[in-house]
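Now for the letters of each chain:
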Amino acid sequence: MPEAELIRLLRADANEASHEARALPDDKADDRYFRWHILKTLADAIQAEGKARRFSERGAEAWGSQTPVSLARMASRRVGVLIASMPDEDAIPLLENLPPNSKRS
C-alpha cells in the first residue's frame, strides 16, 4: 500500500475514533480518545519518516530549515510515544534488540 494511502486511512480511522469519543460520556470515551491519539501519532510518524527519506535523496541546498536528521528525530519521538503507550510485555521485546548507544557504552 502506498505511504500516502496508509496515512489517509490511519487519519480517517483516527477521526472516526474522535467522533465516537465525542458522542460518549466522558467516563466512557477514554478508549476512543486513546485510539485517536495512537492512530494520529502513527500517521505522523510514518509521514515524518517518509519526508526524511525524500529529503535525504535531495541535495542539501533543497532542505531549507528542515534537515533529514531533524525529520528523522521527529519520527523517532513519535515512535517513542507509541512504544511508551504499549504494555510492558509488548514494548520490552521491541526494545531488547536495539543496538547499544556507542557513546554511552
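Right, let's walk through the structure included here. Note that the coordinates shown come from a computational prediction; the quantities given were computed from them, not determined experimentally.

1. A look at the overall build of the protein
Thinking step 1. Check the secondary structure of the protein and you find 4 helices and 0 strands.
Thinking step 2. Each helix (α) and strand (β) of the protein, taken in turn from the N terminus, gives the series α-α-α-α.
Thinking step 3. A compact globule built from 105 residues should have a C-alpha radius of gyration of about 13 Å, whereas the protein, at 17 Å, is more than 25% larger.
Thinking step 4. Projected onto the principal axes, the alpha-carbon positions of the protein cover approximately 50 × 35 × 25 Å.
Thinking step 5. With 105 residues in all, the protein has 21% of them scored as buried.

2. Some thoughts on the side chain of Thr41
Thinking step 1. With respect to the element layout, Thr41 can be found in helix α2 (residues 30–56).
Thinking step 2. With residues near it in sequence (within four places) discarded, Thr41 still touches Arg78, Val81 and Leu82.

3. Observations regarding the nonpolar core
Thinking step 1. Ile7, Leu10, Ala14, Leu39, Ala43 and Ile46 form the largest nonpolar core, which has 6 residues in total.
Thinking step 2. Taken together, the elements giving at least two residues each to this core come down to α1 (3–23) and α2.
Thinking step 3. Among residues more than four places away in sequence, those in contact with Leu10 are Leu39, Leu42, Ala43 and Ile46.

4. Brief notes about the packing of α2 against helix α3 (residues 68–85)
Thinking step 1. The contact between α2 and α3 brings their axes to 8 Å, and the two run at 155°. In terms of orientation, α2 lies roughly antiparallel with respect to α3. The handedness of the crossing between α2 and α3 comes out as left-handed.
Thinking step 2. Class assignment for the residues of the contact of α2 with α3 results in 15 nonpolar, 4 polar and 4 charged.

Conventions adopted
Residues numbered from 1 in each chain as written. Predicted model: local features only at pLDDT ≥ 70, side-chain atom pairs only at ≥ 80, totals over all residues. Heavy atoms only, no water. Helix = DSSP H or I, 4+ residues; strand = E, 2+ residues; numbered from the N terminus. Rg over C-alpha atoms; globule rule 2.2 N^0.38 Å. Buried < 20%, exposed > 50% of the residue type's maximum accessible area, 1.4 Å probe, protein only. Contact = heavy atoms within 4.5 Å. Core = buried A, V, L, I, M, F, W, Y, C linked by side-chain atoms within 4.5 Å. Axes fitted to C-alpha atoms, helices over the stretch in contact; angles between N-to-C directions. Parallel < 35°, antiparallel > 145°, perpendicular 65-115°, else oblique. Left-handed = near helix turned anticlockwise from the far one by under 90°. Nonpolar A, V, L, I, M, F, W, Y, C, P; charged D, E, K, R; others polar.

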